[in-house]
Every structure is written in structure tokens, then in C-alpha cells.
Amino acid sequence: MILLQVPTAGAPAVDSTASAAAPAQSMQLFDLIAKGGWVMIPISLLFFFALYLIIERWLFIRGNTRVDDNFIDNVKDMVMQGNIKSAESFCKNQRNSIGRIFEKAVGRIGSPIKEIEGTLETVGQIELSRLERNLGYLGIIAGIAPMLGFIGTISGIIRIFYDISLSDNISVGIIAGGLYEKMITSGAGLIVGVIAYTGYHLLNMLIEKFTLKLEINSFEFMEVLQKPTEAARVR
């Protein structure tokens with residue numbers, strides 16, 4: 001056993017220190033992004049712009065679509081008691097979309113029912129447009145970012161094969177090394193696209209939820225205004 005462990009003459013000595021201490025290469029995120037090439041610049045800009053839009057719109061929509069459960073009941077009670085000014089002030093103090101909508105509608109009480117309905121619809125559309133502002137950009141980013149990633153990958157592949165044609169060296173290492181770097185752009189573009197796509201639809205869900213509340217409250221409000229008219233018709 002001892003003889004088997006003795007190295008034979010002329011055999012290269014194994015450097016155990018060098019083999020054990022071979023450091024594993026690690027790649028930092030910034031280095032990975034840098035290897036993607038120039039296409040990563042517009043993709044990065046789209047990423048930060050998408051994040052800004054999602055955060056800004058979420059805060060704006062959440063702040064303007066909060067509806068108190070007792071809001072419409074309070075408005076109806078004030079209107080039925082004839083406190084029109086109090087109802088108008090109450091709506092104004094809400095400082096949100098539904099408050100501004102019903103403030104205009106309450107201010108038109110005394111006009112024909114059709115005019116009040118038209119006011120609700122018009123002001124409602126204005127407020128919904130304010131909530132939906134700039135959401136279209138998220139949809140554009142969701143479509144453009146993946147395409148930019150594919151453009152970066154295709155241009156990189158073209159460059160790889162062009163270099164191979166010049167050097168006449170078909171090496172798996174050269175092809176794989178260059179290809180994985182160019183695939184970074186595709187991955188980054190898809191990630192940005194998914195973020196923008198998800199943010200776009202989540203924000204639209206919040207708006208749709210508010211729209212349903214607005215329709216319910218508008219129906220209840222108009223029902224209160226129509227009761228005196230219906231009573232007069234019965235007489």
C-alpha cells in the first residue's frame with residue numbers, strides 16, 4: 001500500500017493546492033447585462049419607465065377610487081331631506097373620483113332627469129379617462145420590449161457567424177460563448193414585457209372594479225330622484 005502511494009520517477013507531481021483552490025467563476029448582474037450589448041440600453045430604459053408608470057398609476061388609482069361603503073346612502077339621505085347644499089359639500093369633501101362625479105350630479109338637481117343622467121355619464125367618462133391616462137404606454141412596452149430582445153439576439157447571431165466566416169474557425173466554445181451573451185437580450189426583453197403586461201392588466205382590473213361601483217351608486221342615486229316623478233304620475 002505504501003509503494004502504491006509513492007510517485008514513480010518522471011511522473012508529474014500533482015499540485016493539490018492549485019487543483020483545490022481553483023476558484024469558481026461567478027458573474028455579477030451588471031456584467032451579465034453589459035454582455036447583452038447596446039440593445040440592453042433601450043430595454044433598461046423601458047424597464048424603469050414601466051416601473052415608474054405602474055407605481056405612479058397604482059398610487060393614483062388607489063387614491064381616487066376609494067369609495068366609502070356609506071357614501072351613497074349619506075348622499076341619498078341628504079337629498080331626500082332636501083339638504084342639497086349639504087350633499088354637494090359632502091361629495092366635494094371626498095376628494096376622489098366618485099365625489100367629483102356626484103358633486104356635479106347633485107348640483108344639477110332640479111333639472112330634468114335626463115340632464116342629470118347625462119351629467120353623471122359625462123363626468124364619469126372624464127374621471128375614468130383620468131384613471132386610464134398613460135396606461136397605453138404599458139401596453140406598448142409589453143409589446144416592444146420582447147421584440148427589442150429578439151432583435152438583439154438575432155443581430156448577435158449574425159455577428160457570430162460573420163466572425164466565424166472571417167476566421168474559418170468553427171469552435172463550439174466560440175459559438176456557445178457568443179450565443180449565450182446574445183440570448184441575454186431575449187431574456188431581458190421578455191422579463192420587461194411580462195412586468196409591463198401584468199401591471200397593465202392589474203391596473204385595468206382596479207379601474208373596472210371602480211366602474212362597477214360607480215354604476216351601482218349611479219343607479220341608486222337616480223332611483224331616489226325618480227321616486228317623486230313616479231309618485232306624481234300615479235296621482
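As the structure is a prediction and not an experimental result, all values here were calculated from the model.

Tell me what's going on with the packing of aromatic side chains, and back it up with residues and numbers.
Under the defined criterion, the tally for this structure stands at five aromatic pairs. With a centroid separation of 5.7 Å and 20° between ring planes, the pair formed by Phe 71 and Phe 90 is classed as stacked. Residue Phe 71 is located in helix 5 (residues 71–80), and its partner Phe 90 is located in helix 6 (residues 84–92); the two are separated by 19 residues in the primary sequence. Relative accessible area serves as the criterion here: at 1%, Phe 71 is assigned to the buried category. On the numbers, 5.7 Å between centres and 70° between planes, the contact of Phe 71 with Phe 102 is edge-to-face.

Give a description of a positive patch on the surface that names residues and reports values.
Taken together, the side chains of Arg 62, Arg 66, Lys 209 and Lys 213 make up a positively charged region of the molecular surface. Residue classification places Arg 62 among the partly exposed residues on the basis of a relative accessible area of 36%.

How would you sum up unusual backbone geometry? Please name residues and give values.
Generally, phi is negative for residues other than glycine and the peptide bonds are trans, each holding for most cases. Despite not being glycine, Arg 95 shows a phi value in the positive range, around 55°. For Arg 95, the position within the fold is in the loop between helix 6 and helix 7 (97–107). The class for Arg 95 is exposed, based on a relative accessible area of 68%. Even without a glycine there, the phi angle at Asn 134 is positive, about 70°. Along the chain, Asn 134 turns up in the loop between helix 8 (113–132) and helix 9 (135–167).

I'd love a proper account of the layout of surface pockets, names of residues and values included.
For the second largest pocket, the calculated volume is near 220 Å³. Going through the elements one at a time, helix 8 and helix 10 (172–234) are the ones with two or more residues in the lining of the second largest pocket. Sort the elements by how many residues they give to the lining of the second largest pocket and helix 8 lands first, with six residues. Residues belonging to the lining of the second largest pocket are distributed by class as follows: three nonpolar, four polar and three charged.

Quick rundown of the nonpolar core? Include the residues and the values.
Nonpolar side chains in soluble globular proteins tend to be buried together. Grouped together as the largest cluster of nonpolar side chains are 46 residues, with contacts concentrated most on Phe 71, Val 75, Phe 102, Leu 138 and Phe 221. When residues of this core are traced back to their parent elements, those giving at least two are helix 4 (40–64), helix 5, helix 6, helix 7, helix 8, helix 9 and helix 10. Ranked by residues supplied to this core, first place goes to helix 10 with 12 residues. If near-sequence neighbours (up to four positions away) are discounted, Phe 221 is found in contact with Ile 72, Val 75, Val 79, Phe 102, Ala 105, Val 106, Ile 109, Ile 116 and Leu 120.

Could you give an account of helix 4, with specific residues and numbers?
The terminal C-alpha atoms of helix 4, which comprises 25 residues, lie 36 Å apart, in line with the 36 Å expected from a rise of 1.5 Å per residue. Looking at helix 4, one finds that the buried residues are Met 40, Ile 43, Leu 46, Ala 50, Leu 53, Ile 54, Arg 57, Phe 60, Ile 61 and Asn 64.

So what about the confidence of the model for the protein chain? Which residues, and what values?
The pLDDT averaged across the protein chain works out to 79; a share of 72% of its residues lies at or above 70. Per-residue pLDDT stays below 50 along residues 1–25; that stretch engages in zero contacts with residues further than four places along the chain or on separate chains. In the predicted structure, residues 229–235 sits below a pLDDT of 50 and forms zero contacts with residues beyond four places in sequence or in another chain.

Cut-off values and rules
Residues numbered from 1 in each chain as written. Predicted model: local features only at pLDDT ≥ 70, side-chain atom pairs only at ≥ 80, totals over all residues. Heavy atoms only, no water. Phe/Tyr/Trp six-rings, centres within 6.5 Å; stacked < 30°, edge-to-face > 60°. Helix = DSSP H or I, 4+ residues; strand = E, 2+ residues; numbered from the N terminus. Buried < 20%, exposed > 50% of the residue type's maximum accessible area, 1.4 Å probe, protein only. Patch = residues over 30% accessible without salt bridge, like charges linked within 9 Å, V, L, I, M, F, W, Y side chains within 5 Å. Areas by Shrake-Rupley, 256 points an atom, 1.4 Å probe, with all protein chains shown as cover. Salt bridge = Lys/Arg side-chain N within 4 Å of Asp/Glu carboxyl O. Lys, Arg positive; Asp, Glu negative; His and termini not counted. Charge placed at Lys NZ, Arg CZ, Asp CG, Glu CD. 1 Å grid on protein atoms, 1.4 Å probe; cavity = no way out; pocket = protein on both sides within 12 Å on 5 of 7 lines; lining within 4 Å. Points joined across faces, edges and corners; volume = space filled by probe spheres on them. Nonpolar A, V, L, I, M, F, W, Y, C, P; charged D, E, K, R; others polar. Core = buried A, V, L, I, M, F, W, Y, C linked by side-chain atoms within 4.5 Å. Contact = heavy atoms within 4.5 Å. Expected span 1.5 Å × (residues − 1). pLDDT = per-residue confidence, 0-100.

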